[in-house]
Amino acid sequence: MSAKLLDGKGISKEIQKETKVKVEQFIADHGQPPVLAAVLVGDDPASQVYVRNKERACARAGIESQLHRLPATSTTEDILAKVIELNETPKVNGILVQLPLPEQADSRVILDAIDPQKDVDAFHPHNVGLISQGRPQFLPCTPHGIVQMLKRCGLETTGKSVCVIGRSDIVGKPMAMMLGQKNSNLGPEMANATVTLCHSRTQNLASIAQQADILIAAIGRPNFVTPDMIKPGAVVVDVGINRTDQGLVGDVDFDSGKEVAGFITPVPGGVGPLTVTMLLENTLMAAMIQSKPIV
Ligand code: NDP
């Protein structure tokens, strides 16, 4: 058996076209484009690539992007000062602080300082709380991209058993939270899953994973998921991006995994492009929220 490929790259292009049309309408209504400000601290090569990809995607969608570079030696206070300045700049609709930050900077303090209305990564506790209550303002980009992809491929989650491996605040935890809700922005068919959230202390991980109709791997370990962990015909979503001597690989052993799975995302070209795409959607959403008159 050979799995069908879930073409994240192609789906991203489709969503970006839709976003572009909505951005054009926003500009027609408000006379200015949505603005995304990225804060990049230091010169980590991977972060530079991510920020460049986000800038390019913004340009394609008609969103204005700003890049605020700070030196690698920046303290928590230096970065906070930049975040506060951006919070107070009315023209800036969305703020993203590219992670990871240098060791001396306290990421939690910095992310908590972002105005929740401009929090396009949805990391602020206010937004996380809204997500947990099933009434999100913004959805975190990677999990949202995954739900969009599943929806557009006709793969509903309602009633399905889902195994998420990895419980980070950025991917695993919000993913599990979203799929376990009664409803979603794409309808109840893209929620209502029975979710098991696994991590490094999980016992019998392989057998738990092997029972899942949908397996989502967000671990950060190359080729961690082997075919014995995949239920025949399952949907396998590989979030991992691991740099190895063989190039970029995911958390799933793709070549053997695709022989068991029914559907599988490639790395690269799977979840990665969707993450950037959903950031554009969140920036537009932030601009729309901020342009609403206060009643
Ligand atoms: P984190 O390092 O924050 O979290 C990794 C999670 O995996 C933790 O919950 C950890 O468990 C768990 N884990 C680690 N080892 C094991 C193990 N042996 N068995 C079971 N669970 C394990 O990673 P992120 O969520 O930030 O990222 C995960 C991967 O996804 C990375 O490769 C990252 O580059 C990629 N990524 C990709 C994105 C995309 O757009 N495609 C976006 C964001 C991330 P514990 O909590 O117990 O330590």
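As a reminder, the structure under discussion sits directly above these lines.
A few points on the structure.

Right, let's talk about the side chain of D251 for a bit. Tracing the backbone through its elements, the reader meets D251 in the loop between β10 (247-249) and α9 (254-257). The buried charged residue D251 lacks any salt bridge, with R221 as its nearest oppositely charged partner at 7.9 Å. A polar side-chain atom of D251 sits 3.0 Å from the main-chain amide nitrogen of R221.

Attention shifts here to the nonpolar core. Proteins that are soluble and globular tend to have nonpolar side chains buried together. Counting residues in hydrophobic clusters, the biggest one holds 50 residues, and the most contacted among them are I146, I216, V237 and V239. With nine residues, helix α10 (residues 271-291) is the single largest residue contributor to this core. Not counting residues up to four positions away in its chain, the partners in contact with I146 are M175, I216, V237, V239 and V271.

Taken together, 19 residues form the shell around the ligand, and within it R167, S168, S200, R221 and T275 come nearest. R167 places a polar side-chain atom, nitrogen or oxygen, 2.7 Å from an oxygen atom of the ligand. Here an oxygen atom of the ligand sits 2.6 Å away from a polar atom, N or O, in the side chain of S168. Across the complex, the protein chains shield 71% of the 930 Å² of accessible surface that the ligand would expose by itself. When residues of the shell around the ligand are assigned to their parent elements, the largest contribution, three residues, is made by α10. Taken together, the residues that form the shell around the ligand break down as seven nonpolar, 10 polar and two charged.

Looking now at the sheet that holds strand β1 (residues 4-5). One open sheet holds the six strands; their spatial order is β1-β11-β8-β7-β5-β6, and the pairing between them is parallel. Here the strands that pair on one side only, and so sit at the sheet edges, are β1 and β6 (194-198). Sheet topology places strand β5 (residues 161-165) next to strand β7 (residues 214-217); four bridges connect them, and they run parallel. Residue V162 lies in a different strand from β7, and its bridge partner there is I214.

Parameters and conventions
- Residues numbered from 1 in each chain as written.
- Predicted model: local features only at pLDDT ≥ 70, side-chain atom pairs only at ≥ 80, totals over all residues.
- Heavy atoms only, no water.
- Helix = DSSP H or I, 4+ residues; strand = E, 2+ residues; numbered from the N terminus.
- Buried < 20%, exposed > 50% of the residue type's maximum accessible area, 1.4 Å probe, protein only.
- Lys, Arg positive; Asp, Glu negative; His and termini not counted.
- Salt bridge = Lys/Arg side-chain N within 4 Å of Asp/Glu carboxyl O.
- Polar contact = N/O pair within 3.5 Å; in protein donor to acceptor, adjacent residues only side chain to side chain.
- Core = buried A, V, L, I, M, F, W, Y, C linked by side-chain atoms within 4.5 Å.
- Contact = heavy atoms within 4.5 Å.
- Near = heavy atom within 4 Å.
- Areas by Shrake-Rupley, 256 points an atom, 1.4 Å probe, with all protein chains shown as cover.
- Nonpolar A, V, L, I, M, F, W, Y, C, P; charged D, E, K, R; others polar.
- Pairing = 2+ DSSP bridges.

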